[in-house]
Amino acid sequence: MITVRADGNAVVVDFGDIVIKIPSGYSSSISGVRLGKGGVVYFFADGEEDFLSIGATVFGEEPKFIPFEYSIIFDKHSKGIQGLHELIRGIYTNG
């Protein structure tokens, strides 16, 4: 089960074995973090709702697929970025 939470102005995504932290791009703290379908994380910042995509953050967006900024803050099995990629692909493939 994937869980999400706010940590200051960042979103923390907990996959169980790997935990990542994604900056929201806001200078103020965020709140109301929740996980939607397709790996989209919704949150409130500066009184407005915004969102980010876990997949787009980790893999990047078309056409260049350059990942956005994120940090691995916990990695139970020391699998690193490759392990994170495999985990996310498995989640998207299996629902």
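The structure we're discussing is the one just above.
What comes next is a walk through the structure. Starting from 1, residues in each chain are numbered consecutively following that chain's sequence as written. Reporting of local features is limited, given that this is a predicted model, to residues whose pLDDT is at least 70; pairs of side-chain atoms are given and counted only at 80 or more, and all residues count toward the totals for whole chains, interfaces and linings. For side-chain calculations, the full set of non-hydrogen atoms in the structure is used, while hydrogens and water are omitted.

### Brief notes about the pattern of salt bridges
No. 1: For this document, the term salt bridge refers to a Lys or Arg side-chain nitrogen within 4 Å of an Asp or Glu carboxyl oxygen. Enumeration over the complete set of coordinates arrives at 2 salt bridges.
No. 2: The partner of Lys21 in a salt bridge is Asp7, and the shortest N-O contact between them spans 3.0 Å. With Lys21 in strand S3 (residues 18-23) and Asp7 in strand S1 (residues 3-7), this residue pair connects regions lying 14 residues apart in the sequence.
No. 3: Buried residues are those whose accessible area, probed at 1.4 Å on protein chains only, stays under 20% of the maximum for their type, while exposed residues exceed 50% and partly exposed ones sit between those limits. Residue Asp7 is classed as partly exposed on the basis of its relative accessible area of 32%.
No. 4: In this structure, Glu49 and Arg34 form a salt bridge, with 2.7 Å as the shortest nitrogen-oxygen distance. Going along the chain from the N terminus, every DSSP run of H or I of four or more residues is numbered as a helix, and every run of E of two or more is numbered as a strand.

### Some details on the pairing of S1
No. 1: Only strands joined by at least two bridges in the DSSP assignment are considered to pair. The sheet contact formed by S1 and strand S2 (residues 10-14) spans 5 bridges and is antiparallel. Bridging from a neighbouring strand, Asp7 pairs with Ala10 of S2.
No. 2: Between S1 and the antiparallel strand that follows it, S2, lie 2 residues; Gly8 among them carries a positive phi value of about 65°.

### A look at the pairing of strand S6 (residues 48-53)
No. 1: Of the strand pairs in this sheet, strand S5 (residues 40-45) and S6 are connected by 6 bridges, and their pairing is antiparallel. Bridge assignment links Tyr42 to a residue of S6, and that residue is Phe51.
No. 2: Turn length for the S5-S6 hairpin, with the two strands adjacent in sequence and antiparallel, is 2 residues, and the turn residue Asp46 shows positive phi of about 55°.

### What to know about the side chain of Ser24
No. 1: Residue position: Ser24 is located in the loop between S3 and strand S4 (30-35).
No. 2: A polar contact of 3.1 Å, which involves the side chain of Ser24, links it to the backbone nitrogen of Tyr26.
No. 3: Not counting chain neighbours up to four residues away, the residues in contact with Ser24 comprise Asn9, Ala10, Ile30 and Phe43. By the criterion applied in these results, polar contacts are pairs of N or O atoms within 3.5 Å in which, for protein atoms, one can donate a hydrogen and the other can accept it, and in which residues neighboring in sequence qualify only through two side-chain atoms. Pairs of residues are marked as contacts when any of their non-hydrogen atoms sit within 4.5 Å.

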